[in-house]
Each structure stands twice: as C-alpha cells, then as structure tokens.
Amino acid sequence: APRTGTQPQRAFTQNTVATMRRLSRREKLNEQLKSLDAFPKVEPEIQQRSSSGAVVTVIMGILISMLVVSEFLFYLTVDTKYEYAVDTDMRKDMNLSLDMTVAMHCQHLGVDYVDVAGQSSDATLHLKMDPAHFALAPNQQAWVKSARLFSLWRKKESSLSQIVGLAKMPPADPPLDTPLDSCRIHGTMATNKVAANFHITAGKSIHHARGHSHLNVNVPPEAVNFSHRIDHLSFSENPHQAFALDGDLKTSNNRRELFQYFLKIVPTTTKSLKQTQPVRSNHYSVTERRQPLDQGVVRGMPGIFFKYELTAIAVHIRQERRSLVHFLLRLCGIIGGVFVTSGTHLSILNGVKSDAMNHFDPPPPCFFFLSSL
C-alpha cells in the first residue's frame, strides 16, 4: 500500500516541477519583451496634472483640429500631373479652329494656307466667311475683357488653365442695328502637322503649281482695314478650351499695316477626371509683331499672318484624385508631430519655471505667472 501511494505522488511532483519551469520560461520571455517596450506606462497614482499641461493640451487640440481640416480640404482638391517626353505621335494631321472678325467686307478678303510640305490651299473652302459687326454689344465687351484677364492669368499660373476653358462669345444683347461692316471668319480645317503659314490679305487669291497669287488690285484702298478681333484660335481636338490668343483685339487707323503672330505649338494631351481618353489640345505660345508699311519705305504686303511651327517635346497633362493612403499617412504625421512638439515645449517650460524658482530668491514678478501655471 505505501508503494502504490508513493508513485502517484512522484508523478504529481514531476508535473508540478515541469509546470513551474514552463512558467519560469514564460516570465523570462515576458521580461525580455517588456525590455523592448518603447512606450513605458506610468501608474495613474504617480501622474501629476498641472495647469500648464492643460493650457498646452488645449492649444494642441486647437492646432490639430485646424491642421486636420486644412489637410482634409487639400485632400478634396484635384492633383494635376505634368509629364514631358519626346513627341511620338505619328498622326500627320491636326485641326486648325478659327473664329475671328476682320474690319473689312468679305468680298475684299482672301484666306490662304501654305505649309513646308508644299501644300497650298484656299482656306475659304473649309472656313466660313459671314458679314458681321466689328463693334461689340456691352455683354460681348465684357466677354472680351474676361477673356483677356483669363489669358493674363494663364501666363502667371500653370495649374488647370490647360484644361479649363471659356464659353463662346454670347450673341449681342441688345442686338446691334448698325450696318454690317466686317467679316467673320470661322470654322475648322484639317492641316498637316508641320510648320505652316496661315494668312489673311486683301483680295482673293489664285492657287497654281508654284503656290498662289493675290489679286488685290481690285480692292479700293479705302476699303482696307486689318483691325481684327480673335475670339478663338486653336489646334486642338477640343475647341472648348482656353488658348493664348482668345479675346485678342487689335485696331489700327493705318490702312497699310502688317500684323504677324509667331506661334510655337507644343504637342499637348490633356485628360480631365471626366474624360476616359486623353485629348490632343496642342497649346501654343505666341509672339506678336505689327509694322506699318509706309509707301516706298518698308516693302511688304499688309495683312494678318499666323506663322507657326511645332516643338519636338510633348506635354501630357492629367487630373488625378489624391491618394487616401497618403491622406491618412499625413494625418498620422500631423497628429504625432504636434504631440511630440507639444511635449517638448511643455518640458522646456517646466524646466525654465523650475530653474527660475531655484535661482531667484525672491523671484521676480514675471515668475509669479510661471508659478501659476
């Protein structure tokens, strides 16, 4: 009987020792893990609250709230991406869209297109010429003013001006009752994707194998006036965008004057959030020049000349929504940074207060404010 009672007791003892050893290993492992804790806990009984800490906490809360709201508003904005690369578009043509008014009757105007590829054509076969008023109604004058202001803004800013455009010029309100004294040239024509010269001169033109000739001898000198207004000029697939010459107005009292526009076309594609495919917009920069052609002094042909060439570098512009992950990361950085900075400032404030109380006896009056914190 004693032997049978001793054997279970030994097994119990062995199990107890094994259990204690396992617990000891767990305790050692827990201690090792605790040594890696970068956020040591402070017992609530030994924490000390102060009015200075409360002030810093209130300021910290206000600052975090302001930064979070600002970051959220920034997240709601649209991000515009710009990419630059060599133009690899193999398409050989592009659209020329024009809407301008010249202060001459349509029967006295010729519109021609000549490019470096040797193509010469009468642009009136593709563009419409309608009698119009050169003077503008009040609402149209306001549109021209807004178009010029928008063009000046585009020169200073480079964000969404590539994508957002202006509405077309509205009809005259009230309608003008003066005689039609001008010619409106408008429409879209397909052109080669090469350097070209597009010009408007006095007299119709005759096209032949060597180019074309202008028949301006039948135009009365008193009928010549190349004052003009450009409502729209683009080389884009989407003519409803804003471009550099939109709203441009030139007037002249000299009947023999040459207006020249030198354009640098940048192959451009734009893609807004509402578009599934990018659109060729082909924006351009322009240099203007006007010169009176005094009889016998300066040779040349009066008229309006648009000379343009294309650059080899293309620009791709697209709109994107901002990343939610980046927004959350920035929020974490803001909140954590404000917490750490506030704690550092509070430690400095407490240190200054403690040193002031220890080194000055009696303390200056300014330290009574610190002690109240």
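The paragraphs below set out a description of the structure included in this document. Please read these numbers as outputs of a predicted model, since none were measured by experiment.

## Things to note about the overall build of the protein chain
Next, step 1: The helix and strand inventory of the protein chain stands at five helices and 17 strands.
Next, step 2: In the protein chain, which comprises 373 residues, the share counted as buried stands at 33%.
Next, step 3: Considering only contacts in the protein chain between residues 6 or more positions apart, those separated by 24 or more positions represent 82%.

## Re the state of the cysteines
Next, step 1: On inspection of all chains with the given rule, the structure shows one disulfide.
Next, step 2: There is a disulfide in this structure between cysteine 106 and cysteine 183, and the S-S distance comes to 2.2 Å. Between cysteine 106 and cysteine 183, the S-S dihedral sits near 105 degrees, and the bridge is therefore right-handed. With cysteine 106 in the loop between strand S2 (93-102) and strand S3 (109-115) and cysteine 183 in strand S6 (residues 182-192), the pair connects residues that are 77 residues apart, well separated along the chain. Cysteine 183 carries the same exposure label as cysteine 106, and that label is buried.

## Considering the side chain of histidine 186
Next, step 1: Mapped onto the fold, histidine 186 is located in strand S6.
Next, step 2: Given the relative accessible area of 14%, histidine 186 is considered buried.
Next, step 3: Within the local environment of histidine 186, its side chain forms a polar contact with the side chain of aspartate 130, the two groups lying 2.7 Å apart.
Next, step 4: Ignoring any residue separated from it by four or fewer positions in sequence, one finds histidine 186 in contact with Leu98, Asp99, Leu127, Lys128 and Asp130.

## Points about the sheet that holds strand S5 (residues 128-132)
Strands in a sheet are paired, the pairing made by backbone hydrogen bonds, and the direction either parallel or antiparallel.
Next, step 1: Across the sheet, five strands lie side by side as S5-S6-S2-S10-S11; this open sheet has antiparallel pairing. Looking at strand neighbours, the two that pair on one side only are S5 and strand S11 (248-250), the edges of this open sheet. The sheet shows a mean angle of 20 degrees between the axes of neighbouring strands, taken without regard to direction.
Next, step 2: Bridge count between S2 and strand S10 (residues 228-234): six bridges; the pairing is antiparallel. When the bridges of S10 are listed, leucine 98 appears paired with leucine 233.

## Examining the sheet that holds strand S7 (residues 196-202)
Next, step 1: Spatially, six strands are ordered S4-S3-S7-S16-S12-S15 in an open sheet, and the strand pairing comes out mixed. Of all strands in the sheet, those bounded by a partner on one side alone are strand S4 (120-122) and strand S15 (283-292). On average, each strand axis in the sheet is inclined to that of its neighbour by 15 degrees, with strand direction left out of account.
Next, step 2: Bridge count between S3 and S7: seven bridges; the pairing is antiparallel. Across the sheet, residue valine 114 finds its bridge partner in S7, namely asparagine 197.

## Quick notes on unusual backbone geometry
Next, step 1: Its identity as a non-glycine residue notwithstanding, asparagine 282 has a phi of 50 degrees, on the positive side.
Next, step 2: Tracing the sequence through the fold places asparagine 282 in the loop between strand S14 (279-280) and S15.
Next, step 3: Take asparagine 282: its relative accessible area is 5%, and that puts it in the buried class.

## As for the packing of aromatic side chains
Next, step 1: Following the criterion strictly, the structure yields seven aromatic pairs and no others.
Next, step 2: Geometrically, the ring pair formed by phenylalanine 198 and phenylalanine 306 is tilted, given 6.1 Å between the ring centres and 40 degrees between the ring planes. Of the two residues, phenylalanine 198 sits in strand S7 while phenylalanine 306 sits in strand S16 (residues 303-310), which places them 108 residues apart along the sequence. Per residue, the accessibility class of phenylalanine 198 equals that of phenylalanine 306, and both read buried.
Next, step 3: By the ring-pair criterion, three or more aromatic residues cluster together here, those being Phe235, Phe243, Tyr284 and Tyr308.
Next, step 4: Positioned above the aromatic ring of phenylalanine 134 is the side chain of arginine 229, whose terminal nitrogen or guanidinium carbon lies 5.8 Å from the ring centre.
Next, step 5: The cationic tip of arginine 322 hangs over the ring face of phenylalanine 74; the distance from NZ or CZ to the ring centre is 3.9 Å.

## Focus: the side chain of asparagine 282
Next, step 1: Side-chain polar atoms of asparagine 282 contact the backbone oxygen of phenylalanine 235, separated by 3.0 Å.
Next, step 2: For asparagine 282, the contacting residues outside a window of four places in its chain are Met94, Phe235, Phe243, Ile265, Val266, Pro267 and Thr268.

Scoring rules and cut-offs
- Residues numbered from 1 in each chain as written.
- Predicted model: local features only at pLDDT ≥ 70, side-chain atom pairs only at ≥ 80, totals over all residues.
- Heavy atoms only, no water.
- Helix = DSSP H or I, 4+ residues; strand = E, 2+ residues; numbered from the N terminus.
- Buried < 20%, exposed > 50% of the residue type's maximum accessible area, 1.4 Å probe, protein only.
- Contact = heavy atoms within 4.5 Å.
- Disulfide = S-S within 2.5 Å.
- Polar contact = N/O pair within 3.5 Å; in protein donor to acceptor, adjacent residues only side chain to side chain.
- Pairing = 2+ DSSP bridges.
- Axes fitted to C-alpha atoms, helices over the stretch in contact; angles between N-to-C directions.
- Phe/Tyr/Trp six-rings, centres within 6.5 Å; stacked < 30°, edge-to-face > 60°.
- Lys NZ or Arg CZ within 6 Å of the ring centre and 35° of its normal.

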